[in-house]
Amino acid sequence: MFIKKYLKWISTLLVLTGILFTNLNYYPFNIYFHGLGVVGWTVAGYLSKDKAILTNFGLQIPLFLIGFYKILI
């Protein structure tokens, strides 16, 4: 439970930083931070067996993969 608690807070910080960087137009850092936060929340949802969190953040992962792919090309 200790790890899940901090994983959620760290992931929240990463997601909010990614959103801030999006608003400030700091590309591609917005994708890096937000993407890491989404992965963290997906893991937290899996560990806690929370299907709503897992669905919300898990379905964002392919969208961020598209963003990462776009950065590399």
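For the structure, see preceding data.
Residues numbered from 1 in each chain as written. Predicted model: local features only at pLDDT ≥ 70, side-chain atom pairs only at ≥ 80, totals over all residues. Heavy atoms only, no water.

Engineer: How would you explain unusual backbone geometry if you had to name every residue and give the values?
Structural biologist: Residue Pro28 follows Tyr27 across a cis peptide bond; omega there is 10°. Within the fold, Pro28 resides in the loop between α1 (2-23) and α2 (29-47). A positive phi angle is found at Asn25, which is not glycine, with a value near 60°. Mapped onto the secondary structure, Asn25 falls in the loop between α1 and α2. (Helix = DSSP H or I, 4+ residues; strand = E, 2+ residues; numbered from the N terminus.)

Engineer: Residue-level account of α2, with values.
Structural biologist: With 19 residues, α2 extends 27 Å from end C-alpha to end C-alpha; this agrees with the ideal 27 Å at 1.5 Å per step. Taken together, the buried positions of α2 are Asn30, Ile31, His34, Gly35, Gly37, Val38, Gly40, Trp41, Thr42, Ala44 and Gly45. (Expected span 1.5 Å × (residues − 1). Buried < 20%, exposed > 50% of the residue type's maximum accessible area, 1.4 Å probe, protein only.)

Engineer: Lay out the packing of α2 against helix α4 (residues 61-72) in plain terms, naming residues and giving numbers.
Structural biologist: Interaxial distance between α2 and α4 falls to 10 Å at its minimum, and their mutual angle equals 150°. One element, α2, and the other, α4, form an angle in the roughly antiparallel class. Helix-helix and strand crossings are classified by hand; for α2 and α4 the assignment is left-handed. Across from Ile31, Tyr32, His34, Gly35, Val38, Val39 and Thr42 in α2, the residues of α4 making contact are Ile61, Phe64, Gly67, Phe68 and Ile71. (Axes fitted to C-alpha atoms, helices over the stretch in contact; angles between N-to-C directions. Parallel < 35°, antiparallel > 145°, perpendicular 65-115°, else oblique. Left-handed = near helix turned anticlockwise from the far one by under 90°. Contact = heavy atoms within 4.5 Å.)

Structural measurements only, silent on function.
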